[in-house]
Amino acid sequence: MRAIIVSTALIAAVLAPLPAAAQSFSPGYEFLKAVRDRDGDAVTDALSQPGTIIVNTRDIASGESALHIVTQRRDAVWIRFLTAKGANPNIEDKNGTTPLQVAASLGFVEGIEALVKAGARVDVTNSSGETPLISAIHRRDPAMIRLLVKNGANPDRNDNSGRSARDYAQLASGNTQLLEALDSGQQGADGASRSYGPELR
């Protein structure tokens, strides 16, 4: 009988609720949840802790950062806020995808502008070697193409299939606007105008 009582006590102890402290989630989890919930007060409180690097915390399952989350919801205000607080614009999720690649796949031009201003690399590639510029060509989006080229995207960088943004533009039907956007030129670091391909004089 005593053995049964002891066993019952052990089972009760195992099934007892955990103390409140043990049930709490990690600060990183709470931060990402606050970002998802658009809880500005909670996010600001988390970022105001001295020496914190929580702004670049990543989801354990997906590897997504706060910047991935706000880019996916097309929220340029939060992109600017987070990058001003030190969010890394080149952070990758578990698939190697950066926030800029997310913005390009969505055609989110304002997000691309904010990320580029924060220092995002424009020629990053995804697992198939596709650059944001190639995404813009596939979307047939001249405004995004011009923005990326202006900020240094290379129209002649190949993906894993060996095709470049220029190749895809040439293959597209009614491609005049796409090719014109590719050749719209860009301002170099020295202020000189550059364009890819031959210059007609």
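Residues numbered from 1 in each chain as written. Predicted model: local features only at pLDDT ≥ 70, side-chain atom pairs only at ≥ 80, totals over all residues. Heavy atoms only, no water.

A word on the side chain of threonine 97. Note on placement: threonine 97 falls in the loop between helix H6 (76-84) and helix H7 (99-106). Overall, threonine 97 belongs to the buried group, its relative accessible area being 19%. (Helix = DSSP H or I, 4+ residues; strand = E, 2+ residues; numbered from the N terminus. Buried < 20%, exposed > 50% of the residue type's maximum accessible area, 1.4 Å probe, protein only.)

A few words now on the nonpolar core. In this structure, Phe31, Leu82, Ile112 and Ile145 are the most contacted members of the largest nonpolar core, which totals 45 residues. Broken down by element, the residue count for this core peaks at five residues, all from helix H10 (residues 142-150). Residues in contact with isoleucine 145, not counting those within four places in the same chain, are Leu133, Ala136, Ile137, Leu178, Ala181 and Leu182. (Core = buried A, V, L, I, M, F, W, Y, C linked by side-chain atoms within 4.5 Å. Contact = heavy atoms within 4.5 Å.)

What follows is about the packing of aromatic side chains. Taken as a whole, this structure holds one aromatic pair when the rule is applied. Residues tryptophan 78 and phenylalanine 81 carry aromatic rings whose centres are separated by 6.0 Å and whose planes lie at 75° to one another, so their mutual orientation is edge-to-face. Note that tryptophan 78 and phenylalanine 81 are positioned in helix H6 at a spacing of three residues, about one turn of the helix. Overall, the relative accessible area of 28% leaves phenylalanine 81 in the partly exposed class. Taking NZ or CZ as reference, arginine 73 lies 5.1 Å from the ring centre of tryptophan 78, over its face. (Phe/Tyr/Trp six-rings, centres within 6.5 Å; stacked < 30°, edge-to-face > 60°. Lys NZ or Arg CZ within 6 Å of the ring centre and 35° of its normal.)

A word on the environment of threonine 52. Relative to the elements of secondary structure, threonine 52 occurs in the loop between helix H4 (40-47) and helix H5 (66-72). Sequence-distant contacts of threonine 52, that is, excluding residues within four places in its chain, are made with Ala46 and Leu47.

It is worth spelling out the UniProt feature "repeat: ANK" (unreviewed entry) in the protein chain at this point. Under the local residue numbering, the UniProt record ascribes the feature "repeat: ANK" (unreviewed entry) to residues 62-94, 95-127 and 128-160. End C-alpha atoms of residues 62-94 are separated by 6 Å, and the span's content is 48% helix alongside 0% strand. What you have in residues 95-127 is 52% helix and 0% strand, and the ends, taken at the C-alpha atoms, are 7 Å apart. (UniProt positions renumbered as here; feature names shortened; annotations may be inferred.)

Orientation of helix H9 (residues 132-139) relative to H10, taken along the N-to-C sense of each, is 160°, at an axis distance of 8 Å. Considering their axes alone, H9 and H10 lie roughly antiparallel with respect to each other. Crossing hand, H9 versus H10: left-handed. Contact with H9, carried on its side by Pro132, Leu133, Ala136, Ile137 and Arg139, involves Met144, Ile145, Leu148 and Val149 of H10 and no other residues of that element. (Axes fitted to C-alpha atoms, helices over the stretch in contact; angles between N-to-C directions. Parallel < 35°, antiparallel > 145°, perpendicular 65-115°, else oblique. Left-handed = near helix turned anticlockwise from the far one by under 90°.)

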